[in-house]
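Architecture and fold: a report
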Amino acid sequence: MVIGKKIFFDVGAHIGYWTYIATSLGMQVVAFEPVKSRTNIIKEIKKKYNFPITILPDGTNLDEFVNKTGVIPDFIKIDVDGVETQVVPGAINLLKNYLPDLMIELRVETIYLLNELKKIGYNEKSRFGDDSICIFLSKN
């Protein structure tokens, strides 16, 4: 990790769309993606363009990752196709203690997580979508 750079956690990186955008904006990226074929694509792009991306293919718990590495994100994108019910609880200490800016995709059945995020200090800034709702949150 490069000290002084903004840090972006791309949780549910897929093939890295948000990862590449954040990298092109000068951010240091940690891409969390459990599907190996997708992480291989990210690795190829990383190598080709020498992007500063750390790739974690094993579904690492965010609280554990932060405790182990000391890396604190400035912004987190969570788009995990319904598994946010596991990701948010596994990141609750990170979210509560540091309140990084957050973009999370929620489904009708997981929208209750928005209230949990508000309880720990987040405010909704904007949202879009119908079935899958993309919500931007921050501490301010």
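Above this text is the structure in question.
Below: a short report on this structure.

Basis of the calculations
Position numbers for residues count from 1 along each chain, tracking the sequence in the order it is written. For a predicted model such as this one, the threshold for reporting local features is a pLDDT of at least 70, and the threshold for listing and counting side-chain atom pairs is 80 or more; totals across whole chains, interfaces and linings nevertheless cover every residue. The basis for every side-chain value is the complete set of non-hydrogen atoms in the structure, without hydrogens or water. To qualify as a helix, a DSSP run of H or I must reach at least 4 residues; to qualify as a strand, a run of E must reach at least 2; elements of each kind are numbered from the N terminus. Each residue is placed in one exposure class: buried if its accessible area under a 1.4 Å probe, protein chains only, is under 20% of its type's maximum, exposed if it is over 50%, and partly exposed if it falls in between. Contacts are assigned to residue pairs that have any heavy atoms within 4.5 Å of one another. This arc is taken over the directions from the axis of the helix to the C-beta atoms. Any pair of nitrogen or oxygen atoms within 3.5 Å is treated as a polar contact; in protein, a donor-acceptor pairing is required on top of that, and neighbouring residues in sequence qualify only through side-chain atoms on both sides. The distinction between a cavity and a pocket rests on a 1 Å grid over the protein atoms alone: a 1.4 Å probe fits inside a cavity but cannot get out, while a pocket stays open yet meets protein on both sides within 12 Å along at least five of seven lines, and a residue with an atom within 4 Å of a point counts as lining. Grid points are joined across faces, edges and corners, and a volume is the space filled by probe spheres set on the points. Polar here means any residue outside two lists: the nonpolar Ala, Val, Leu, Ile, Met, Phe, Trp, Tyr, Cys and Pro, and the charged Asp, Glu, Lys and Arg; Gly therefore counts as polar. Buried Ala, Val, Leu, Ile, Met, Phe, Trp, Tyr and Cys residues form a nonpolar core when they are joined through side-chain atoms within 4.5 Å.

When helices and strands are tallied, the protein shows 6 helices and 7 strands. N-terminal to C-terminal, the α/β element order of the protein is β-α-β-α-β-α-β-α-α-β-α-β-β. The principal-axis extent of the C-alpha atoms belonging to the protein is close to 40 × 30 × 25 Å. A buried classification covers 44% of the 140 residues belonging to the protein. For the protein, long-range pairs separated by at least 24 residues make up 56% of all intrachain contacts whose partners lie at least 6 apart in sequence.

Non-glycine residue N50 carries a positive phi angle of around 55°. Structurally, N50 can be placed in the loop between α2 (36-49) and β3 (53-56). Residue class for N50 comes out exposed when judged on its relative accessible area of 67%. Despite not being glycine, L99 has its phi angle at roughly 45°, a positive value. Topologically, L99 is positioned in the loop between α5 (92-98) and β5 (101-107).

Moving on, we get to helix α3 (residues 62-69). All of the buried residues in α3 are L62, D63, F65 and V66. Seen from one end, α3 has its buried residues packed into an arc of 165°, which puts them on one side. Across from the buried face of α3, at angles greater than 90 degrees, the exposed residues are E64, N67 and K68. At the N-terminal end of α3, a side-chain oxygen is found 2.9 Å from the backbone nitrogen of D63, two or three residues along, and the residue is N61. Phi turns positive, to about 75°, at G70, one or two residues after α3.

The next thing to look at is the layout of surface pockets. Roughly 460 Å³ of volume is contained in the largest pocket. Around the largest pocket sit 25 residues that line it, and V11, G12, F32, P34 and V80 are the ones nearest its centre. Elements represented by at least two residues in the lining of the largest pocket include exactly β1 (7-11), α1 (17-24) and α4 (84-87). Grouping the constituent residues of the lining of the largest pocket by class yields 11 nonpolar, 8 polar and 6 charged. Roughly 180 Å³ of volume is contained in the second largest pocket. Forming the walls of the second largest pocket are K6, M27, I72, P73, D74, Y98, L99, P100, D101 and K139.

F9, V11, L95, L102, I104 and L117 are the most contacted members of the largest nonpolar core, which has 30 residues in total. Each residue touching L117, except ones within four places of it in the same chain, is listed here: V88, L95, L102, I104, Y122 and L137. Counting residues in each nonpolar core, the second largest holds 14 residues, with A13, Y20, M27 and M103 among its members.

With that out of the way, let us pick up α1. All of the buried residues in α1 are T19, Y20, A22 and T23. Buried residues in α1, looked at end-on, bunch into an arc of 165°, giving them a common side. Among the exposed residues of α1, those oriented more than 90 degrees off its buried face are Y17 and S24. The inward-facing, buried residues of α1 contact β1, β2 (28-32), α2 and β3. Phi for G26, located one or two positions after α1, is positive at around 90°.

Spatial relationships are all this shows, so hold off on functional conclusions.
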